[in-house]
Amino acid sequence: MTVTTEAPVKETPDAGGVPSFQVTMRLRRFNPESDTEPRWEDHTLTMHGTDRVLDALHKIKWEIDGSLTFRRSCAHGICGSDAMRINGRNRLACKTLLKDLPLDKPISVEPIKGLAVMKDLVVDMEPFYAAYKSIMPFLITTGNDPSRERRQSPEERERFDDTTKCILCAACTTSCPVYWSDGQYFGPQAIVGAHRFIFDSRDEGAEERLEILNDREGVWRCRTTFNCTDACPRGIEVTKAIQEVKQALLFRRV
Ligand code: SF4
Ligand code: F3S
Ligand code: FES
């Protein structure tokens, strides 16, 4: 285990009046060119009350070790690129304040589970995207193109509002024990993606999508564990959406 430590600083106001504190980040590192297996690495940093896990990772990358590899883009919970396992729970690094985590012990940061690690905190997202693509995440209609917009009442729009909020971060799918077991299960995100169209009154592809999810690796593999709902940074009721797709399959009334 590698350990780096900055000069010790107690919880005191810094020059800007923002309290600073020390935190140890315990990172799961893996370089496919030099490591045969992942290893842990500790860095003790001085951070501030408004800092997030992403800020700590930036500090390590920009000031200590430029080889640290992780994905991030928007830094504001929109792009979904920085889902990682923080203290054993899937979260977005940019939405997790350090001060909300127990600071008396190291904060562990690992790649999300169930997908192959490419380097450090970066996993191969292709199987996740493949599952999403398989449910055809686009509006399916028949007939001629309309000459005006496709109308929808507020109630019809509300029916699938929750699942429109997905940012494809994979926190749900990679928190699911069924997905960890063999990686064949479509995973909760693909079902959320299907739900968004199955219950859209303008869409005509519900039957086709339901048939895809009726697969042996589809909705019936869900064991209602709720990890996915707990993990979703957008607050989507993932397990409820899965249950609604199961019911739609049972009753074929969508
Ligand atoms: Fe992320 Fe939530 Fe979408 Fe899953 S449902 S991919 S946790 S935003
Ligand atoms: Fe997995 Fe969520 Fe079902 S965690 S088992 S998809 S409720
Ligand atoms: Fe975009 Fe965190 S960096 S969601």
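Note that the structure is predicted; figures quoted are calculated from it, not measured. (Residues numbered from 1 in each chain as written. Chains lettered and ligands numbered in written order. Predicted model: local features only at pLDDT ≥ 70, side-chain atom pairs only at ≥ 80, totals over all residues. Heavy atoms only, no water.)

Caption draft 1: Broad picture of the site of ligand 1. In the vicinity of ligand 1, the contacting residues are Cys166, Ile167, Leu168, Cys169, Ala170, Ala171, Cys172, Gln189, Cys232, Pro233, Arg234 and Ile236. Mapping ligand 1 onto the cavity grids shows that it belongs to the largest cavity. Considered class by class, the residues forming the shell around ligand 1 number 10 nonpolar, one polar and one charged. (Near = heavy atom within 4 Å. 1 Å grid on protein atoms, 1.4 Å probe; cavity = no way out; pocket = protein on both sides within 12 Å on 5 of 7 lines; lining within 4 Å. Sits in = over half its atoms within 2 Å of the grid points. Nonpolar A, V, L, I, M, F, W, Y, C, P; charged D, E, K, R; others polar.)

Caption draft 2: Structural context of the environment of aspartate 42. Residue placement: aspartate 42 occurs in strand 4 (residues 39-48). In this structure, the C-alpha to C-alpha distance between aspartate 42 and histidine 58, residues 16 residues apart in sequence, is 15 Å. Side-chain polar atoms of aspartate 42 contact the side chain of arginine 26, separated by 2.8 Å. (Helix = DSSP H or I, 4+ residues; strand = E, 2+ residues; numbered from the N terminus. Polar contact = N/O pair within 3.5 Å; in protein donor to acceptor, adjacent residues only side chain to side chain.)

Caption draft 3: Spotlight on empty space enclosed by the protein. Taken as a whole, this structure holds two cavities of 30 Å³ or more when the rule is applied. What the largest cavity holds in volume is close to 90 Å³. What lines the largest cavity is a set of 13 residues, and nearest its centre among them are Cys166, Cys169, Cys172, Cys232 and Ile236. Residue classes in the lining of the largest cavity are distributed as 11 nonpolar, one polar and one charged. Estimated volume of the second largest cavity: approximately 70 Å³. Forming the boundary of the second largest cavity are 13 residues, of which Cys176, Cys222, Thr225, Phe226 and Cys228 lie nearest the centre. Sorting the residues of the lining of the second largest cavity by element identifies helix 4 (177-182) and helix 7 (227-231) as the ones contributing at least two each. When the residues that make up the lining of the second largest cavity are grouped by side-chain class, the tally is nine nonpolar, three polar and one charged. (Points joined across faces, edges and corners; volume = space filled by probe spheres on them.)

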